[in-house]
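# Results of the structural survey
Residues per chain, in single letters:
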Amino acid sequence: CFTMYATFLLKGTGLATAQQYLALTVANVKKPNFKLGLYHAQKAVEIGQSIGAHEIIAGALIRIAAFLTWQAKSREAITYADRAREILLSVGNMWDLGNAIIFSYFSYRTLGNLPEALSNAQSLVKLGERTGSKGQISSGSSKVAEILFLKNNLQDAEKSLNLAIEISEKNNLKFGLFQ
């Protein structure tokens, strides 16, 4: 009953956004509560679906993918990241699309599926090139380098890593080598 009343008062989007912030808050503390984070992210998806707010749904799906990734539930995470990617492509939200790609990358890498991880890293670079996002190009290039290194392609890995570092330093990106 409270949720229905709050949904009416906040016209849905405010409540869905609040659920997303709650999800992030309980997961970004010294002792993350991923179970509670998942609950709030799933509530944001439900509310977003009830009001047809596609970007809210996609944002919450990315959070679910992140929480699952951080808990080493990579197969599940990929499902949510892929759903978010479909929605984000349909609404043209390229920033959050980059985040969905990143969690797909982490999940595939964790599963040892290096070809899919590399494909996702390359997709992030291409997205950054299309949108002009130096952060996405740098982050994607470092991820490409990581996979190439794991595949023992050291020369190309070094080129990709140098590109990531160069872009990061030139554009004063704060993540440096920690991408």
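The structure presented is a predicted model; accordingly, all values stated were derived computationally and were not measured.

A few words on the overall build of the protein. Along the protein, the regular secondary structure elements total 9 helices and 0 strands. Its helices and strands taken in sequence order, the protein reads α-α-α-α-α-α-α-α-α from the N to the C terminus. Computed over its C-alpha atoms, the radius of gyration of the protein comes to 17 Å, within 12% of the 16 Å expected for a compact globule of 179 residues. Reported as C-alpha extents along the three principal axes, the dimensions of the protein are approximately 60 × 30 × 30 Å. For the protein, the proportion of its 179 residues judged to be buried stands at 45%. At a minimum sequence separation of 6, the contacts of the protein that also span at least 24 residues come to 52%. For the protein, the computed accessible surface area is about 10,000 Å², with 57% contributed by carbon and sulfur atoms. Looking at charge distribution, the protein has the averaged site of its 19 positive side-chain charges lying 7 Å from that of its 13 negative ones.

Turning next to the packing of helix α5 (residues 74-91) against helix α6 (residues 94-110). The interhelical angle for the contact between α5 and α6, taken along N-to-C directions, is 160 degrees, at an axis separation of 9 Å. For the element pair α5 / α6, the angle class is roughly antiparallel. Crossing hand, α5 versus α6: left-handed. For the pair formed by α5 and α6, the contact residues are Ser74, Ala77, Ile78, Ala81, Asp82, Ala84, Arg85, Leu88 and Leu89 on the first element and Met94, Asp96, Leu97, Ala100, Ile101, Ser104, Ser107, Tyr108 and Thr110 on the second.

What follows covers the packing of aromatic side chains. Evaluated as defined, the whole model comprises 6 aromatic pairs. Here the aromatic rings of Phe34 and Phe67 are separated by 6.0 Å at their centres, their planes lie at 45 degrees, and the arrangement is tilted. Of this pair, Phe34 sits in helix α3 (residues 34-51) while Phe67 sits in helix α4 (residues 54-70), and the two are 33 residues apart along the sequence. As far as burial versus exposure is concerned, Phe34 and Phe67 are alike and both buried. With centroids separated by 6.1 Å and ring planes inclined at 45 degrees, the aromatic side chains of Phe34 and Trp70 adopt a geometry described as tilted. Placement of Phe34 in helix α3 and of Trp70 in helix α4 is noted, with a sequence separation of 36 residues between them. The class for Phe34 is buried, based on a relative accessible area of 18%. Residue classification places Trp70 among the partly exposed residues on the basis of a relative accessible area of 45%. Among the aromatic residues, those joined into a ring-pair cluster are Phe34, Phe67, Trp70, Phe103, Tyr105 and Phe106.

In this structure, Ile165 sits in helix α9 (residues 154-170). The partly exposed category is assigned to Ile165, whose relative accessible area is 23%. Each C-alpha atom of the pair Ile165 and Ser139 lies 9.3 Å from the other, and the pair is 26 residues apart in sequence.

Right, let's get into the side chain of Ser138. With respect to the secondary-structure elements, Ser138 resides in helix α8 (residues 134-150). A polar contact is formed between the side chain of Ser138 and the backbone oxygen of Ala164, at a distance of 2.8 Å.

Rules used throughout
- Residue indices follow the written sequence of each chain, beginning from 1 at its first position.
- Side-chain atom pairs in this predicted model are given and counted only at pLDDT of 80 or more, local residue features only at pLDDT of at least 70, and totals for whole chains, interfaces and linings cover all residues.
- The side-chain values count all of the structure's non-hydrogen atoms but skip hydrogen atoms and water molecules.
- Helix numbers and strand numbers start at the N terminus; a helix is a DSSP run of H or I with at least 4 residues, a strand a run of E with at least 2.
- We compute the radius of gyration from the C-alpha atoms alone; for a globule the expected value is 2.2 Å times N to the 0.38, where N is the number of residues.
- To sort residues, take the accessible area from a 1.4 Å probe on protein chains only and compare it with the maximum for the residue type: under 20% means buried, over 50% means exposed, and anything in between is partly exposed.
- Contacts: residue pairs with any heavy atoms within 4.5 Å of one another.
- All accessible-area figures derive from a Shrake-Rupley calculation using a 1.4 Å probe, and residue coverage is judged against the displayed protein chains alone.
- Counted as positive: Lys and Arg. Counted as negative: Asp and Glu, with His and the chain ends omitted from the count.
- Where a charge lies is defined by one atom per residue type, namely NZ (Lys), CZ (Arg), CG (Asp) and CD (Glu).
- Each axis is a line fitted through C-alpha atoms, taken for helices only over the stretch in contact, and angles between the N-to-C directions span 0 to 180 degrees.
- Throughout, the term roughly parallel applies to angles under 35 degrees, roughly antiparallel to angles over 145, roughly perpendicular to angles from 65 to 115, and oblique to all others.
- For a crossing to be left-handed, the near helix must be turned anticlockwise from the far one by less than a right angle; the clockwise case is right-handed.
- Aromatic pairs are defined between Phe, Tyr and Trp rings, using the six-membered ring for Trp, whenever the two ring centres lie within 6.5 Å; interplanar angles under 30 degrees are classed as stacked, those over 60 as edge-to-face, and all others as tilted.
- The term polar contact refers here to a pair of N or O atoms within 3.5 Å; inside protein, the definition further demands a hydrogen-donor-capable atom paired with an acceptor-capable atom, and it admits residues adjacent in sequence only when both atoms are side-chain atoms.

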